[in-house]
Amino acid sequence: MVKASAPGKCILFGEHAVVYGQPAVACSINQRMVVELEEENKFDSWRLDGGILNFSKHPHIDFLKEKLWPENVMPPLKIRIRGNVPTASGLGSSAALSVALVAALQQLRQEEVDSGIAGQLSHQAEAFAQGGRASPIDTATSASGGFVVLSDTVDETLEHIGERSLQHRDEVTTWQLHSFVADIPDDTYLVIGNTGVHGSTSKQVAKVASLLEQHPERHVEIEAIGSIARRGIEALRTGDMESVGKAMTENHIVLRSLGVSSPELEKLIKAAAPSSLGVKLTGSGGGGCMIALTKNPEKTVGAIEMEGGRAFISPFNSPGVRIETLSSQDNSTQ
Ligand code: MEV
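All residue numbers refer to positions counted from 1 along the written sequence of the respective chain. Where local features are concerned, this predicted model is filtered to residues with pLDDT of at least 70; where side-chain atom pairs are given and counted, the filter is 80 or more; whole-chain, interface and lining totals use all residues. Working from all heavy atoms in the structure, the side-chain values ignore hydrogens and water.

Looking at the secondary structure, you find Val172 in strand β8 (residues 171-180). For Val172 and Ile228, which are 56 residues apart along the polypeptide, the C-alpha to C-alpha distance reads 28 Å. Beyond its immediate sequence surroundings of up to four residues, Val172 is in contact with Ser165, Leu166 and Gln167. Strands are runs of DSSP state E lasting at least 2 residues, helices are runs of H or I lasting at least 4, and numbering of each runs from the N terminus. Note on contacts: a residue pair qualifies if any of its non-hydrogen atoms lie within 4.5 Å across the two residues.

Time to look at the sheet that holds strand β12 (residues 310-314). Strand order in the open sheet formed by 4 strands is β10-β11-β9-β12, and the pairing between neighbours is antiparallel. Looking along the sheet, the strands with just one partner apiece sit at the ends: β10 (278-282) and β12. In this sheet, adjacent strand axes meet at a mean angle of 20° when their direction is disregarded. Only strands that DSSP links by at least two bridges are regarded as paired with each other. Bridging between β10 and strand β11 (residues 289-294) involves 5 bridges; their strand directions are antiparallel. Between the N-to-C directions of two axes lies an angle of 0 to 180 degrees, each axis being a line fitted to C-alpha atoms and, for a helix, fitted only over the stretch in contact.

Once that is clear, we can look at the nonpolar core. If you look at the biggest cluster of nonpolar residues, it comprises 54 residues, and the most contacted ones within it are Leu12, Phe13, Phe147, Phe180, Leu236 and Met290. Note: domain ranges come from an automatic or database domain assignment. Residues from two domains meet in this core; each of domain 1 (2-182 + 322-329) and domain 2 (189-314) gives at least three. Contact partners of Phe180, with chain neighbours within four places excluded, come to Val25, Phe147, Val149, Leu158, Ile233, Leu236 and Arg237. Listed in part, the 29 residues of the second largest apolar core include Ala4, Trp46, Trp69 and Ala118. Throughout this description, the term nonpolar core refers to a set of buried Ala, Val, Leu, Ile, Met, Phe, Trp, Tyr and Cys residues connected via side-chain atoms within 4.5 Å. Residue burial is assigned from relative accessible area. The probe radius is 1.4 Å, only protein chains are included, and a residue is buried under 20% of its type maximum, exposed over 50%, and partly exposed in between.

Once that is clear, we can look at the site of the ligand. If a single non-hydrogen atom of a residue is within 4 Å of a molecule or strand, that residue counts as near it. Taken together, Ile11, Glu15, His16, Val18, Val19, Val205, Gly283 and Ser284 make up the full set of residues adjacent to the ligand. Contacts described as polar in this section are N or O atom pairs within 3.5 Å, which, within protein, must combine one atom able to donate a hydrogen with one able to accept it, while residues neighboring in sequence count only if both atoms come from side chains. Backbone polar atom of His16 to an oxygen atom of the ligand: 2.9 Å apart, as the coordinates give it. Per-residue and other accessible areas follow the Shrake-Rupley method at a 1.4 Å probe size, with only the shown protein chains counted as cover for residues. When isolated, the ligand has an accessible area of 290 Å², and the protein chains bury 80% of it. Residue composition of the shell around the ligand, by class: 4 nonpolar, 3 polar and 1 charged. Residue classes follow a fixed rule: Ala, Val, Leu, Ile, Met, Phe, Trp, Tyr, Cys and Pro count as nonpolar, while Asp, Glu, Lys and Arg count as charged, and any other residue, Gly among them, counts as polar.

Between helix α2 (residues 93-108) and helix α4 (residues 137-144), whose axes approach to 8 Å, the crossing angle comes to 50°. One element, α2, and the other, α4, form an angle in the oblique class. For the pair α2 and α4, the crossing hand works out as right-handed. Contacts from Ala95, Ala96 and Val99 of α2 reach α4 at Asp138, Thr139, Ser142 and Ala143. Class assignment for the residues of the contact of α2 with α4 results in 4 nonpolar, 2 polar and 1 charged. For classification, angles of less than 35 degrees are called roughly parallel, those exceeding 145 degrees roughly antiparallel, those between 65 and 115 degrees roughly perpendicular, and all remaining angles oblique. Put simply, a crossing is left-handed when the front helix is turned counterclockwise from the back one by less than a right angle, and right-handed when it is turned clockwise.

One fewer than the residue count of a helix, multiplied by 1.5 Å, yields its expected span. In this model, helix α5 (residues 201-214) (14 residues) spans 20 Å end to end at C-alpha, consistent with the 20 Å of a helix rising 1.5 Å per residue. Of the residues making up α5, those classed as buried are Gln204, Val208, Leu211 and Leu212. Axial view of α5: buried residues confined to an arc of 95°, hence all on one face. What points out from α5, more than 90 degrees from its buried face, is the exposed set Ser202, Lys203, Glu213 and Gln214. As for α5, its buried residues are in contact with α6 (219-238). The directions from the helix axis to the C-beta atoms form the arc being described.

Written out as structure tokens, the structure reads:
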């Protein structure tokens, strides 16, 4: 049996503006998805969590099976999926699952587990599962852990960790991925507050697109988010948490003016603000999650929960994809 895990992510700066070429910054969170695989000689099909795996309902798994066993001589496998990344909340649970699955498959095939390859293959799997389009930020952050910057050009001031291209119909999109080391004091945490409302990413992206079409002058707001993101990166690198928090709140104000916040998000953001250095929505908005940068994580969690949100604390720099050692409990299930 093999077991691998990979973290979820949140976007610190730059959601929506990244669609128009501005940089976006994401970081790993400490909630993870865990995948266990076991070769299964009793059956001739793949099994998922006890039942026969219906590949049409699990396009990520289908894609990876075709990619890794193109000749179709794959061994029957038993897959078990666990994890505590909330689904459909903008925290990259599906990307974390794909990344952990690639690593577990690499281990099972006795290949070297490589976070770059895991990031690349899982990005393709995500794109396949989403009908051809997916930005690589979720899979790259989940694979490498720490901080990842996505942009359309190479930024010489950051560590360039790779390029990703995706062809969708006749259009090829290329992204540049970077990482950097943030100097985060030990007493500073992220608190993530979940509204429990599922926002639709495609609807939110379309909303911003139509606003910009009707009011092209509002592209200045997209550029403003880009410069806030660049300022945020600098503040993270120098460990200036007050400036990081300020940049997050400014980023949120612009997102709100673009119309992608929601009453539920605003309620949690208002509750978290007094105990935080900065607060914003994270991801596509319209629901999903908000984040707070705070030195009083328990107080911030309490304030969010008082308003009906579900909140958890996440330290920074959670490790990327990794192979987990099997516990005696895991072995006893064999
Ligand atoms: C969603 O997590 C982030 C958006 O910027 C969409 C995208 O980048 O594809 C809203």
